[in-house]
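# Overview (structure and organization)
What follows is the residue order along each chain.
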Amino acid sequence: MIPRSFEYYNPSSLEEAIKLLDSNEDSKVLAGGQSLIALMKLRLASPESVIDLNNISGMSYIKESDGKLLIGALTTHDMYENSDLVKQKFFVLSEAASRVADQQIRNKGTIGGTICHADPSADVPTAILALDADIVITGPGGDRVVSAKDFFVDFFTTALNPNEIVKEIQIPFLGARTGSAYFKHARREGDFAIASVAAIITIDEEGVCTKASISLGSVGPTPLRATKVENALVGKTLNDDLIAESSQLADFNISPPSDIHGSADYRVKMTKVFTKRVIKMALNRIGS
Amino acid sequence: MEKKKIKLTINGEQMEGEAEPRTLLVYFLRDVLGLTGTHIGCDTGHCGCCTIIMNGVSVKSCMVFAFQAEGTTITTIEGLAQNGKLHPIQESFWENHGLQCGYCTPGQIMSASFLLKRNPNPTEDEIRRGIEGNYCRCTGYVNIVKSIKAAAEKMQSK
Amino acid sequence: MRGPMATVTEEQAPPQKWVGQSVKPRESYRLIQGKGKFLDDIKLPNMLYAAILRSPYAHAKIVSIDTSKASALPGVISIITGEDVEKATKPFMGVVPPPGDKVIDYCLAVGKTRYAGEPVAAVAATERSIAEDAIDLIEVEYDPLPVVVDVEKAMNKDSTLVQDAVGSNIVWHKQFNYGDYEKAASHADTIVKEKLHFHRFGAAPMETDNVLADYQESTGLLTINCNNQMPMFCLALIVLATGWDSHKIRIITNDIGGGFGAKIISYTYMVLISLLSKKSGRPVKWIMERRANIISGTHANEATFYVDIALKKNGTILGINAKTIHDEGAYLRYEPIGALLWVQVSSGPYRFKNLRMDVNSVVTNKGPVAPIRGYGRMQHLWMIERIIEIAAKQLKIDPLEIRMKNFITSEEMPYVTPSGATYDSGDYPQALEKALEMIGYPEWKKKQSEYRKHGKLIGIGIGTGIDSGTNNFAQVKLISKENPFSGQSRMAFARMDEFGRFQVAVASNPHGQSHETVVSQVVADELGVKPDDVFVLPGMDSFSHPFTGHSGSYASQFAVSGIEAVLGASRKLKKKIIEIAAFKLGATPEDIILKDGKAIVQDSDKSLEFWMIANMAWRNNLELPPDMEPGLMELYCWKGPFKLPDEKERLNPTLTYSYQTHVAVVEIDPETGKLQILKYVAVDDCGTQLNPQVVEGQVHGAAMNGIAASIFEECKYDDSGQLLSSTFMDYLFPTAVEIPHFQTCHLTSPSPFTTLGTKGAGEGGGTPLITISSAIEDALAPFGIKITDSHTTPERIYNLIKKSKKVKGN
């Protein structure tokens, strides 16, 4: 219940934090701590050093710039879940955040933290992938940008180098006539997903689908884009039959895990069911 | 590891105590500062018995290191009653039998205080979502929800 | 600020009677302020903290334990291993006859570990963190052994033995023959057979088991502060195992964070932590981690049933024949009592006279089982209701009709069941009718058939559970005649102090049942005062609270046994108060009543205030009646009106029988198998309610616990004996979002066997399991699916639907 001992650092700038990461080989960065501290308490993670980012100012913000939504890495789930800007223009992100655990966890957990933890059954990474977000990373060599699809590499593994920190998440604006939705099938509301889907659907004035972005959670080592489903929708007028048929393609290239909450087979089946349902939810929200 | 002094404001008072980096805030409150009203009910940050208010938001104090609380403003269950008078939420829990063994109760009340500050007139669904991070084994949640609803009415009529 | 004794009715004129009022619990006043005194809140000077190293293997020989690195860690004061325990203690006593009496059970694994999570070593250190660091440094060499987690495989002759000395994994086997099932079967029109499984789950109270042991060599006094629900009963088990001076052991409980039966078998830890205190010469506090709580036992009885039911084609039940296999885990503790307690509710709420039970108690490499709420009864009742519903469907009889036809009626009460269990009172048909009315049964039935046309699956589930309470310990003589336990008792004192105020104490180890409040209500009525005038000693301290070898809170009985003891003491006190008053006022005792803090001679203006009477008793005794002993403190020990089993092995194992009928409407999503409860009604009857709000609260909590077990909580083991759900991440304790609102209604069938007509509240923790199984089966009726397991998950339901569609060729 009590973590092993560690050195604690409390840098006041990102540069200082990077230097500390660089010079302490076995170190972990502390953002909200709602994933890291849980692991440390169970002694599943016992870094020699913990670098607390929370004294670095200017890492928590939500703003628009150049046609993108910019969210600081230390913005809490509660903040961006309830942000008017996010709710109105990137509803899928707010909806995904609202399903994270519970209020107290959302008050402390951060967007940067959850994407770096990279649990494929987590809510926000799945939405981030659907949103085609860019992740701004800072390291000893300066800043670089990695797209969400390149950021999630494997179970609990990202494209971050050991001496890098995520600074910001950038999300391109969704076009007009776009609806989005996130839904998670889980035993309890706040649990990690058995199957989860984030869908963003854009249609033109004639009602033809011009863009479909569908991201699946808990289907493998990382969240995955259901590209076959997306391709089956784009260029077509979406109706129930088409959506149902296309959703059957959601099992392409997925390899969900098997555990006591769901066998791999069940997860595959549920992924298809919820792909269908979440596409419909997104479609119905267009214009609202 | 060497212990360090931590200074913070708890229930309106400046307090300080020593902790190691790995000392969780809940142990700091309970063992070092003697504020034993905040409880521990699990190892994984689920049950919410340890809920306090830190810098205005409800937080599970078992999922925060004491060092992170340096310079913060914290309210624990002990700080709710003011000038010898019970907080309306406490009164409501008592009047509506919103507790039995009382172990989860401080956490429930602190979560309720955050909920009602943000949403002074919540629906039953909103109340249940608001206490989603607070497990209770005795009450089946029915009277907790009733207590929070009653507290909302009390606080609105003030 | 209103003091702790404030009640809802303070501002109003006091009612005629306090019993029956929903007086606000005085306990809550401290608890809402975080000023309760739970065990971890206690700090003693020089105190150490303990941590326990647990086995990662479900079954393994312990080859060696090297504690040298741990001992060298600064701050580590004492370490104990199985070797030390074997030298210092004998195995704990059980209740099972040979060969089961060869079960080895110590407070640490000795020689081998038998379940994953079993304590292997314990450390006491100056800080919690150091104790945890120390157990990391203890090096144990294990030699893994084959694991057996399937209880039926464990019964095979060639199975790995969990308890070698027993020679078999079947530690107890007994056949009970009540009535004549063979004859009944020969008269039956139909015999329906089924295999049923009641799953394993835990109680998970919010506070785990904790112990603070303080041995003082200078006085020889061992003080054990704990949160055990019946520590005075456990004292016998502790002393027999350790040989410690029983008269120098003081046991204390304060505020306890829930129990539900789980906090009964922590006596092993009481011994372990006391050993650490003795070794270190300092107080030692141990707080059980949640992970250890979920893994290391306090699971409810897991049972497999092979059951036959014999019926007439009109639905009359003639008898039940069942082979039951109880999966006890690796150690017995109180078992096989749980495998036996169906005798308390032998025919459920039904009128059939023939019951044959072949009971098997089997050990496996799983965590130990404890008397979780509903102990042994909920499993049996679930089995009965399941087989009846399955049979009803086969016979094409409506589930309501088959129940009404076979329910024992209130006119038949007191009703003697096949095992001799004598139901005191109750109206099962009325409870069912009430529940159906509250749920809106006819409307839901209509909706159900309409929805079915559109492929929507709605189910209406029904369940009646009986919570037998106030147990007769002689029931354990059905396990072994040699067991030195029988009857039931509770002891209490009532004292009027010299100012005319009252103190009452009874050793009940309350953990959320508002005993202090309820006792004050009862005593207030007896003595003509307000509850405020009665201080009930909180918690329990064996040096101040009277106790017997039966004392504690378990087996649903405080409203009977605890209250009878309190009544007895209060009435003795009342008698003496009246005698003194009569003497002083020149009246006869029959003319005197106690009212508003005074002894009043009826139809006169003569009265004496209580403090005047108290003064005479405590400081001014030459004014007392000449031969009267001074003082105003009365002790009373209540004895349960029980008998030993007869030659046919029948007895009345419990005095009172509360019951509940729960009805639920559920909807199942056919595409996902996910279940949602649309409406839930709980009707309960626990006789006279001392405090209706307290009872209702417990009904809510029990409804939640049963639903939680039914659709969320399961202790599932893999083949290597690892518990797959060992934290709240995977052990799915439901939140306020998952649990629906409950509508409740209380009926009152007073017990003819208790002074106030009370019964052990029971609360109905097992009934939701019956109701939800019934609801699921009803929802899935279009697929012809039978529910034969007490636990369901969305995936299981999804697979059941899929399988049935394949079978039907849909």
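Treat the numbers as computed from the prediction; the structure is a model and nothing was measured.

## Here we look at the overall build of chain A
Summing up its helical and strand segments, chain A has twelve helices and 14 strands in all. Taking 2.2 N^0.38 as the reference for a compact globule, 288 residues should give roughly 19 Å; the C-alpha atoms of chain A span a radius of gyration of 19 Å, in line with that estimate. Counting the 288 residues in chain A, one finds 59% classified as buried. The long-range fraction of contacts in chain A, counting pairs at least 24 apart against all pairs at least 6 apart in sequence, stands at 62%.

## Thoughts on helix H14 (residues 441-453) of chain C
All names here are of chain C. Compared with an ideal rise of 1.5 Å per residue, which puts 13 residues at 18 Å, H14 spans 19 Å between its outermost C-alpha atoms and is within 8% of the ideal. Within H14, burial applies to Tyr441, Trp444 and Gln448. Down the axis of H14, the sector holding all buried residues measures 60°, keeping them to one side. Along H14, the residues that are exposed and aim more than 90 degrees away from the buried face are Pro442, Lys446 and Lys453. Those residues of H14 that are buried lie in contact with helix H12 (399-406), helix H13 (428-439), strand S18 (457-471), strand S27 (654-668), strand S28 (675-685) and helix H19 (767-779). Following H14 by one or two positions, Gly455 has its phi on the positive side, about 75°.

## Structural notes on unusual backbone geometry
Residue Glu335(C) is joined to Pro336(C) through a cis peptide bond whose omega torsion reads 10°. For Pro336(C), the position within the fold is in the loop between strand S14 (317-327) and helix H10 (337-340). With an omega dihedral of -5°, the bond running from Met413(C) to Pro414(C) counts as a cis peptide bond. Mapped onto the fold, Pro414(C) is located in the loop between H12 and strand S16 (415-416). Although it is not a glycine, Arg43(A) adopts a positive phi angle of roughly 60°.

## Points about the interface of chain B and chain C
On the side of chain C, 60 residues touch chain B, which itself brings 51 residues to the contact. Summed over both partners, the interface of chain B with chain C comes to about 4600 Å²; 58% of that surface belongs to carbon and sulfur atoms. Of all residues in chain B, the largest losses of buried area upon contact with chain C belong to Trp94(B), Tyr135(B) and Arg137(B), amounting jointly to 21% of the total for that side. Measuring nitrogen to oxygen at the nearest pair gives 4.0 Å for the salt bridge that ties Asp43(B) to Arg291(C).

## Describing the confidence of the model for chain C
Residue and element names in this part refer to chain C. Looking at chain C, pLDDT values average 95 and 98% of them are 70 or higher. With pLDDT under 50 throughout, residues 1-13 is counted as low confidence; its partners more than four residues away or in other chains account for 28 contacts. In the predicted assembly, ipTM is 0.98 and pTM is 0.97.

## Some thoughts on the interface of chain C and chain A
With 32 residues of chain C in contact, the opposing surface of chain A contributes 24 residues. The junction of chain C with chain A conceals about 2400 Å² of combined surface from both sides, 51% of it contributed by carbon and sulfur atoms. When the area that chain C buries against chain A is broken down by residue, the three leading residues are Glu671(C), Leu732(C) and Glu795(C), summing to 23%. At the junction of chain C with chain A, the criterion picks out seven salt bridges. Between Arg277(A) and Glu671(C) there is a salt bridge whose closest N-O contact spans 2.7 Å. The interface formed by chain C and chain A includes 17 residue pairs in polar contact (both at pLDDT 80 or more). Of all elements in the fold, only helix H4 (128-137) and helix H20 (794-808) of chain C reach the threshold of two or more residues within the side of chain C that touches chain A.

## Examining empty space enclosed by the protein
Residue and element names in this part refer to chain C. Within this structure, the stated rule accounts for twelve cavities of 30 Å³ or more. Each pocket or cavity is described by its volume, and for the largest cavity that value is around 800 Å³. The wall of the largest cavity is formed by 49 residues, among which Tyr554, Ala555, Ser556, Gln557 and Glu763 lie closest to the centre. Ranked by the residues each element gives to the lining of the largest cavity, the list is headed by helix H18 (residues 692-711), at three residues. Class assignment for the residues of the lining of the largest cavity results in 22 nonpolar, 22 polar and five charged. Roughly 140 Å³ of internal volume is contained in the second largest cavity.

## Looking at the nonpolar core
Of all hydrophobic cores here, the largest spans 227 residues; its most connected members are Tyr141(B) and Tyr334(C). The residues touching Tyr141(B), leaving out its near neighbours within four places in the chain, are Gln108(B), Arg128(B), Ile131(B), Asn134(B), Tyr135(B), Cys136(B), Met704(C), Phe733(C), Pro734(C), Thr735(C), Ala736(C) and Ile739(C). Counting residues in hydrophobic clusters, the runner-up holds 50 residues, among them Val506(C), Val560(C), Ala569(C) and Ala617(C).

## A word on the sheet that holds S14(C)
Residues and elements named next belong to chain C. If you walk across this open sheet you meet the five strands as S7-S15-S14-S13-S8, and the pairing is mixed. Here the strands that pair on one side only, and so sit at the sheet edges, are strand S7 (170-178) and strand S8 (190-198). For this sheet, the mean inter-axis angle between neighbouring strands, taken without regard to orientation, is 10°. Bridge count between S7 and strand S15 (residues 354-362): eight bridges; the pairing is antiparallel. For Ile170, the partnering residue across the bridge sits in S15 and is Val362. Sheet contacts for helix H11 (residues 377-395): S8, strand S13 (302-311), S14 and S15; angle to S8, the most-contacted strand, approximately 140°.

Calculation rules
Residues numbered from 1 in each chain as written. Chains lettered and ligands numbered in written order. Predicted model: local features only at pLDDT ≥ 70, side-chain atom pairs only at ≥ 80, totals over all residues. Heavy atoms only, no water. Helix = DSSP H or I, 4+ residues; strand = E, 2+ residues; numbered from the N terminus. Rg over C-alpha atoms; globule rule 2.2 N^0.38 Å. Buried < 20%, exposed > 50% of the residue type's maximum accessible area, 1.4 Å probe, protein only. Contact = heavy atoms within 4.5 Å. Expected span 1.5 Å × (residues − 1). Arc of directions from axis to C-beta. Buried area = accessible area lost by both parts, 1.4 Å probe. Salt bridge = Lys/Arg side-chain N within 4 Å of Asp/Glu carboxyl O. pLDDT = per-residue confidence, 0-100. Polar contact = N/O pair within 3.5 Å; in protein donor to acceptor, adjacent residues only side chain to side chain. 1 Å grid on protein atoms, 1.4 Å probe; cavity = no way out; pocket = protein on both sides within 12 Å on 5 of 7 lines; lining within 4 Å. Points joined across faces, edges and corners; volume = space filled by probe spheres on them. Nonpolar A, V, L, I, M, F, W, Y, C, P; charged D, E, K, R; others polar. Core = buried A, V, L, I, M, F, W, Y, C linked by side-chain atoms within 4.5 Å. Pairing = 2+ DSSP bridges. Axes fitted to C-alpha atoms, helices over the stretch in contact; angles between N-to-C directions.

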